[in-house]
Amino acid sequence: MAIKRLLTLAHRSRQHNVTSTVRCLSTSPAVATSPPPPAPSPPPPTAMVYDRLAESVKSKLRQLENPDPRFLKHCSPHPVLVDHTKILSAPQTRVTTLPNGLRVATESNLSAHTATVGVWIDAGSRFETEETNGTAHFLEHMIFKGTARRSARDLEEEIENMGGHLNAYTSREQTTYYAKVMDKDVPRALDILADILQNSSFNENRINRERDVILREMEEVIAAAGAVKHEDIVEQVKKLFTKLSADPTTASQLVAKEPAIFTGSEVRMIDDDMPLAQFAIAFNGASWTDPDSIALMVMQAMLGSWNKNAGGGKHMGSELAQRVGINEIAESMMAFNTNYKDTGLFGVYAIAKPDCVDDLAYAIMYEISKLSYRVSEADVTRARNQLKSSLLLHIDGTSPVAEDIGRQLLTYGRRIPFAELFARIDAVDASTVKRVANRFIFDRDVAIAAMGPIQTLPEYNWFRRRTYWLRY
């Protein structure tokens with residue numbers, strides 16, 4: 001009896017403790033945290049094992065479609081538009097036109113310790129005739145052979161002693177001479193540039209005549225970037241550049257006189273001694289000022305580039321790069337979009353082993369022609385972001401900035417702000433890409449250049465046939 005009574009008292013004591021605990025919980029303040037979400041209801045016991053596995057997979061997929069936003073704060077697998085206005089407050093580009101027509105453009109960055117100054121001339125190999133063929137490239141090398149004041153040795157020593165860099169390059173439509181120096185040596189660099197451009201010591205009369213062909217009064221720009229002051233550069237240019245040619249002929253007049261005509265054609269140079277085949281496929285493109293030139297830049301980013309030594313490929317945004325990387329049919333490939341005053345070239349350049357040339361040609365033509373038919377907004381958005389990033393990364397330094405200023409003043413007549421350029425890029429969507437592709441790619445002639453072991457490269461009509469799809 002005593003044991004039975006003790007068990008009864010213990011049972012009553014436990015009931016009393018539970019009741020008091022419940023009362024304390026009911027009278028305590030509410031907890032700030034929300035209750036955990038209810039767990040997904042399991043399938044009924046009568047469901048098959050396969051159905052239960054399917055429900056589990058569907059539950060995980062639903063979690064992927066609605067991931068935790070904390071993990072997407074700084075990175076997302078889905079491309080989205082980003083506002084770059086805050087980072088586009090670049091230094092202002094100031095332009096002054098002198099009485100002789102010479103334009104001086106600068107972008108000052110007084111926190112820098114180096115500067116690049118140069119002369120951009122609106123003349124290149126395109127404006128040569130049969131008699132003056134090769135003059136532009138010839139002058140690129142001869143211009144540093146000495147002046148009336150400085151010998152070739154003096155030029156080299158003066159540049160070396162100030163720790164500077166003097167260079168030149170010639171393209172189809174532009175010739176450039178520039179120097180990169182320390183901030184304190186900018187006046188000396190301008191003096192050297194003025195001296196070699198106006199007082200080159202060419203003894204032969206024939207060389208002097210050819211020099212006048214290039215350095216005629218077309219459009220010339222003095223561009224400077226870095227540790228420079230606009231007013232100082234303008235005053236120095238007024239004093240130094242006083243012997244420019246008075247020939248009124250302009251590059252625009254020469255282009256209007258002999259406009260470029262794109263012709264479907266091919267050039268093949270078979271050389272079995274070369275280990276790799278190289279070929280380029282090009283369509284007629286847009287000029288610098290064509291409204292569709294921006295869309296072609298986006299399309300170039302969509303086609304992308306790939307290199308065997310750089311890795312990647314299978315997970316790249318470009319479907320052409322994915323095809324090339326997965327199937328290993330190329331050593332490298334890259335899309336190009338080259339602009340000129342009245343025309344352009346858009347296409348793909350590739351290098352491959354001889355036994356992969358035909359497969360690579362098919363992949364390139366398929367992806368190029370697809371731009372006229374099937375384009376996703378995600379691919380266009382990704383290409384826009386990549387294009388904007390590459391444009392900003394390209395001007396990292398005083399020399400690229402000066403080159404960008406000079407080139408844009410010669411081609412556009414002004415420096416386009418990045419905010420405006422990015423707005424034009426963001427205006428390109430999938431419908432714009434298909435419209436521009438139908439203008440430049442759909443059923444259009446192509447130009448092909450190939451060299452090396454290219455016996456397996458398809459013939460011209462094969463490429464021409466694949467500029468469109470037969471869809472019924």
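So, a few notes on the structure that sits alongside this text. Since the structure is predicted, the reported quantities are computational estimates derived from the model, not experimental observations. (Residues numbered from 1 in each chain as written. Predicted model: local features only at pLDDT ≥ 70, side-chain atom pairs only at ≥ 80, totals over all residues. Heavy atoms only, no water.)

### A few points about the pairing of strand β3 (residues 114-121)
Turning to step 1, where the next piece is worked out: The buried count for β3 comes to seven of eight residues, which makes it a mostly enclosed element.
Turning to step 2, where the next piece is worked out: Two strands pair when backbone bridges link them, and β3 and strand β5 (residues 175-182) are joined in this way by eight bridges, in the antiparallel orientation. Note on β5: the bridge partner recorded for Thr114 is Met182.
Turning to step 3, where the next piece is worked out: Two strands pair when backbone bridges link them, and β3 and strand β6 (residues 220-226) are joined in this way by seven bridges, in the antiparallel orientation. (Buried < 20%, exposed > 50% of the residue type's maximum accessible area, 1.4 Å probe, protein only. Helix = DSSP H or I, 4+ residues; strand = E, 2+ residues; numbered from the N terminus. Pairing = 2+ DSSP bridges.)

### Describing unusual backbone geometry
Turning to step 1, where the next piece is worked out: The backbone of Glu328 sits at a positive phi, close to 55 degrees, despite the residue not being glycine.
Turning to step 2, where the next piece is worked out: For Glu328, the location among the structural elements is in the loop between α10 (319-327) and β10 (332-339).
Turning to step 3, where the next piece is worked out: In this structure, Asp443 takes a positive phi of about 55 degrees despite not being glycine.
Turning to step 4, where the next piece is worked out: Relative to the helices and strands, Asp443 is located in the loop between α15 (430-440) and β12 (447-452).

### Observations concerning the sheet that holds β12
Backbone-to-backbone hydrogen bonds pair the strands of a sheet. The strands run either parallel or antiparallel.
Turning to step 1, where the next piece is worked out: Taken in spatial order, the six strands of this open sheet run β7-β12-β8-β11-β10-β9, and their pairing is mixed. Only two strands of the sheet have a single partner each, and these edge strands are β7 (265-270) and β9 (305-307). This sheet shows a mean twist of 15 degrees between the axes of neighbouring strands, independent of strand direction.
Turning to step 2, where the next piece is worked out: Set on the sheet, helix α9 (residues 293-303) makes contact with β9, β10 and β11 (344-352); between it and β10 the angle comes to about 175 degrees.
Turning to step 3, where the next piece is worked out: Relative to strand β8 (residues 277-284), helix α11 (residues 357-370) is tilted by about 20 degrees, and along the sheet it contacts β8 and β11. (Axes fitted to C-alpha atoms, helices over the stretch in contact; angles between N-to-C directions. Contact = heavy atoms within 4.5 Å.)

### Focus: the side chain of Thr398
Turning to step 1, where the next piece is worked out: Inspection of the secondary structure puts Thr398 in helix α13 (residues 398-411).
Turning to step 2, where the next piece is worked out: Classification of Thr398 as buried rests on a relative accessible area of 11%.
Turning to step 3, where the next piece is worked out: Here Thr116 takes part through its side chain, which lies 2.8 Å from a polar atom of the side chain of Thr398.
Turning to step 4, where the next piece is worked out: Those residues within four positions of Thr398 in sequence are excluded, and the remaining contacts are Thr114, Ala115, Thr116, Lys180, Ala225 and Gly226. (Polar contact = N/O pair within 3.5 Å; in protein donor to acceptor, adjacent residues only side chain to side chain.)

### Topic: helix α3 (residues 135-142)
Turning to step 1, where the next piece is worked out: Along α3, the residues that are buried comprise Thr135, Ala136, Leu139 and Glu140. Along the long axis of α3, the arc covered by the buried residues comes to 145 degrees, so they all point the same way. (Arc of directions from axis to C-beta.)

### Some points on the nonpolar core
Turning to step 1, where the next piece is worked out: Within the largest apolar cluster, 72 residues are counted, with the highest numbers of intra-cluster contacts made by Phe279, Met299, Leu360, Ile364, Ile441 and Phe463.
Turning to step 2, where the next piece is worked out: If you tally residues by element for this core, the top one is α9, at nine residues.
Turning to step 3, where the next piece is worked out: With residues up to four places along the chain from it excluded, the contact list for Ile441 reads Phe283, Met299, Phe346, Ile368, Ser369, Leu371, Ser372 and Thr467.
Turning to step 4, where the next piece is worked out: Judged by nonpolar contacts, the second largest core, of 33 residues, contains Ala123, Leu139, Ile196 and Ile222. (Core = buried A, V, L, I, M, F, W, Y, C linked by side-chain atoms within 4.5 Å.)

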